There are 2 protein chains.
Amino acid sequence: MTTSWQGRKALITGGAGFLGATLAHRLASLGAEVTAVDSFLPEGGANPFNLDGLAAPFTLVKGDIGDAVAMTPLIERSDAIFNLAGRTGHMDSMSDPLGDLAANVTAQLGLLELVRTRRPTARIVYASTRQFYGVPDYLPVDEKHALRPPDVNGVHKLAAEQHHLIYAKVHGLAATALRLTNCYGPRMRVKDARQTFVGIWIRRILEDQPFEVWGGAQKRDFTYADDVADAFIAAIDAPACAGNAYNLGGAHHNGSGAVSLDTLAEALIAANGGQGGFKRMEFPADRKRIDIGDYEADDRAFRAATGWAPRVDLVEGLRRSIAYYRANLAHYL
Amino acid sequence: MTTSWQGRKALITGGAGFLGATLAHRLASLGAEVTAVDSFLPEGGANPFNLDGLAAPFTLVKGDIGDAVAMTPLIERSDAIFNLAGRTGHMDSMSDPLGDLAANVTAQLGLLELVRTRRPTARIVYASTRQFYGVPDYLPVDEKHALRPPDVNGVHKLAAEQHHLIYAKVHGLAATALRLTNCYGPRMRVKDARQTFVGIWIRRILEDQPFEVWGGAQKRDFTYADDVADAFIAAIDAPACAGNAYNLGGAHHNGSGAVSLDTLAEALIAANGGQGGFKRMEFPADRKRIDIGDYEADDRAFRAATGWAPRVDLVEGLRRSIAYYRANLAHYL
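Below, the structure is looked at part by part.

Parameters at a glance
- Residues numbered from 1 in each chain as written.
- Chains lettered and ligands numbered in written order.
- Predicted model: local features only at pLDDT ≥ 70, side-chain atom pairs only at ≥ 80, totals over all residues.
- Heavy atoms only, no water.
- Helix = DSSP H or I, 4+ residues; strand = E, 2+ residues; numbered from the N terminus.
- Contact = heavy atoms within 4.5 Å.
- Phe/Tyr/Trp six-rings, centres within 6.5 Å; stacked < 30°, edge-to-face > 60°.
- Buried < 20%, exposed > 50% of the residue type's maximum accessible area, 1.4 Å probe, protein only.
- Lys NZ or Arg CZ within 6 Å of the ring centre and 35° of its normal.
- Pairing = 2+ DSSP bridges.
- Axes fitted to C-alpha atoms, helices over the stretch in contact; angles between N-to-C directions.

## A closer look at the side chain of Arg 130 of chain A
For step 1, the next point in the chain: Structurally, Arg 130 of chain A can be placed in the loop between β5 (123-129) and α5 (152-171).
For step 2, the next point in the chain: Setting aside residues up to four positions removed in sequence, Arg 130 of chain A forms contacts with Arg 179, Leu 180, Thr 181, Asn 182, Arg 220, Ile 292 and Tyr 295 of chain A.

As structure tokens, this is what we get:
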């Protein structure tokens with residue numbers, strides 16, 4: 001499954017963000033020549049500290065993937081493109097739908113056109129999302145599940161995923177999409193809940209404050225960042241994945257792939273040595289309209305295609321996350 | 001089912017095109033104050049002659065639906081918006097994907113934003129397509145069928161449909177989508193096969209030339225233009241349709257909802273009094289990559305929701321089409 005990355009040129013869009021930077025560190029450790037491009041949107045996950053410790057040949061380019069002039073030389077020299085750039089805000093996408101469209105679809109389609117015309121042999125993995133399954137008809141959700149984006153961001157993430165798959169099928173690009181579920185780990189945004197509520201929970205724990213649990217019974221499937229990074233690399237290394245979209249899930253926690261937010265809250269307190277508490281809050285009406293209920297991923301197709309499996313259990317992943325932010329919280333506030 | 005249209009203000013985007021103009025005539029005859037907006041793209045279906053015979057209060061505005069300044073006053077005074085503007089070229093969408101995106105998604109999303117902010121009580125019907133079902137898993141295809149756009153145009157039509165449905169569910173707009181299949185009738189483009197191959201077949205018949213049948217066994221479901229127009233009006237008049245997408249099919253032909261192209265060719269010659277012939281051609285490889293195989297619509301959901309049913313049988317519809325172009329062909333060359 002693991003081919004050598006020595007000297008291979010990897011481009012990571014959204015490379016200063018939570019998962020992009022996790023990938024940058026992992027690929028650099030495997031010997032790849034990594035270029036990260038990131039526009040450092042203030043409401044996104046980009047943080048220069050996420051790239052701390054990376055040295056030449058690692059390169060950071062501040063720029064927008066929609067800027068064809070800036071992107072052309074980056075695309076032309078890439079062997080593998082880890083395509084994680086995008087806006088993720090669901091509420092933001094409803095208040096600024098045209099901005100979300102420009103960032104998540106127009107810029108992505110321009111990038112695919114550059115790959116098609118300038119570097120058609122590059123392999124691509126696109127960071128997609130389980131968001132557009134909407135409220136699931138059944139659990140766990142496999143890739144055949146109906147597609148019903150509940151918000152404008154979901155429409156756009158789906159359109160960009162479909163662009164990637166069509167460019168694979170019609171133009172022969174080696175493009176794969178991974179539909180991510182809730183991801184967590186070191187380098188996520190913790191100053192607020194814009195990227196993931198797990199971030200603000202950890203921040204509160206470290207500040208000896210109760211964190212807020214909105215609802216509590218709803219189930220989510222949590223994937224640790226290192227497992228996500230391994231999945232992206234596995235997708236690049238499996239040419240048979242091209243043209244397909246795959247779900248990713250997390251490592252099982254006490255025999256269950258998905259856990260309720262209440263269970264997550266208990267796991268977080270356990271990972272913090274039993275210290276911490278939370279306040280239960282009512283789920284706000286304006287979020288309810290675009291919420292997706294329970295979710296659990298069926299990721300057997302991707303496991304079968306690549307041999308990948310998530311390795312980091314929930315409590316262990318939370319323990320590592322707490323340790324990271326205990327050491328580095330000041331860089332994330 | 002039929003409410004009065006006397007004095008109601010109807011806006012038709014793509015209003016000089018084949019189906020838009022059919023709607024304009026129908027709505028004007030019902031007493032509506034109709035405004036048609038059309039950008040008259042040379043590769044599209046717009047034709048000034050399509051609006052021949054319409055008089056004040058009918059108004060034609062030459063403009064692009066992406067032009068918010070021009071569209072704002074049109075939206076503000078509309079009671080009903082028949083949203084048919086768009087590019088339909090499948091091959092064009094692959095060679096100019098960003099142009100297709102701008103026309104079919106960005107402009108549409110801007111229009112929805114105008115409706116949401118300026119005229120949220122207007123009712124909307126969006127002209128969607130069966131195209132994004134891809135190669136069907138089963139026939140007839142109902143609305144639960146998997147969504148698998150085979151080309152960039154399909155991705156964009158699907159995204160715009162989803163925008164409409166989300167604006168209905170989240171913002172409360174009275175927006176419905178109708179997934180059209182192959183439509184034919186008076187006012188379609190006949191100078192080439194850009195809009196529908198039925199157009200060029202009829203032109204060849206009238207010029208006493210054999211028309212070309214590419215393949216022949218593949219099945220399609222054909223809806224006559226007047227039946228499509230009635231469906232749009234029925235959707236506007238049925239508030240319970242808001243937030244939903246519905247298939248439209250055609251009137252049954254000899255007991256079958258769908259017919260092979262060979263059967264269509266025979267029906268066309270029959271509709272022409274037995275005169276005419278065709279050449280059989282091999283299906284070209286570059287189209288095969290994005291072709292959708294057989295198609296037959298299951299439109300029972302829309303029939304149940306509105307009482308609508310297609311009325312014009314295939315041979316009768318072709319007969320009326322031939323008669324129209326026999327009288328007016330010069331305006332379409």
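## A few points about unusual backbone geometry
Residues and elements named next belong to chain A.
For step 1, the next point in the chain: Cis rather than trans, the peptide bond between Leu 139 and Pro 140 has omega equal to -15 degrees.
For step 2, the next point in the chain: When you line up the elements, Pro 140 lands in the loop between β5 and α5.
For step 3, the next point in the chain: For Phe 40, which is not glycine, the phi torsion reads 50 degrees and is therefore positive.
For step 4, the next point in the chain: With respect to the helices and strands, Phe 40 occurs in the loop between β2 (33-38) and β3 (59-62).

## Details of the packing of aromatic side chains
For step 1, the next point in the chain: Applying the stated criterion across every chain, the model contains 30 aromatic pairs over all chains.
For step 2, the next point in the chain: Taking 6.3 Å as the distance between ring centres and 15 degrees as the angle between the ring planes, the aromatic pair formed by Tyr 133 of chain A and Tyr 295 of chain A counts as stacked. Pair noted here: Tyr 133 of chain A is in the loop between β5 and α5 and Tyr 295 of chain A is in the loop between α9 (285-288) and α10 (300-306), with a separation of 162 residues, a long-range link. The burial state of Tyr 133 of chain A is the same as that of Tyr 295 of chain A; both residues are buried.
For step 3, the next point in the chain: With a centroid separation of 5.5 Å and 65 degrees between ring planes, the pair formed by Tyr 184 of chain B and Tyr 224 of chain B is classed as edge-to-face. Residue Tyr 184 of chain B is located in strand β7 (residues 182-184), and its partner Tyr 224 of chain B is located in strand β10 (residues 222-224); the two are separated by 40 residues in the primary sequence. Each member of the pair, Tyr 184 of chain B as well as Tyr 224 of chain B, carries the same accessibility label: buried.
For step 4, the next point in the chain: Every member of this aromatic cluster is reached through a ring pair, and the members are Tyr 184, Phe 197, Trp 201, Phe 211, Phe 222, Tyr 224 and Phe 278 of chain A.
For step 5, the next point in the chain: Over the ring of Tyr 295 of chain A we find Arg 130 of chain A; its NZ or CZ atom is 5.3 Å from the centre of that ring.
For step 6, the next point in the chain: In this structure, Arg 8 of chain B is placed above the aromatic ring of Trp 5 of chain B, and the distance from its NZ or CZ to the ring centre is 3.9 Å.

## What to know about the sheet that holds β2 of chain A
Residue and element names in this part refer to chain A.
For step 1, the next point in the chain: One open sheet holds the seven strands; their spatial order is β3-β2-β1-β4-β5-β6-β11, and the pairing between them is parallel. With one partner strand each, in any of the chains shown, β3 and β11 (245-247) form the two edges of the open sheet. The mean angle between the axes of side-by-side strands here comes to 20 degrees, regardless of whether they run parallel or antiparallel.
For step 2, the next point in the chain: Sheet analysis places strand β6 (residues 174-180) next to β11, joined by three bridges and oriented parallel. Across the sheet, the residue bridging to Ala 177 is Ala 245, located in β11.

The quantities given are spatial measurements derived from coordinates; they are silent on function.
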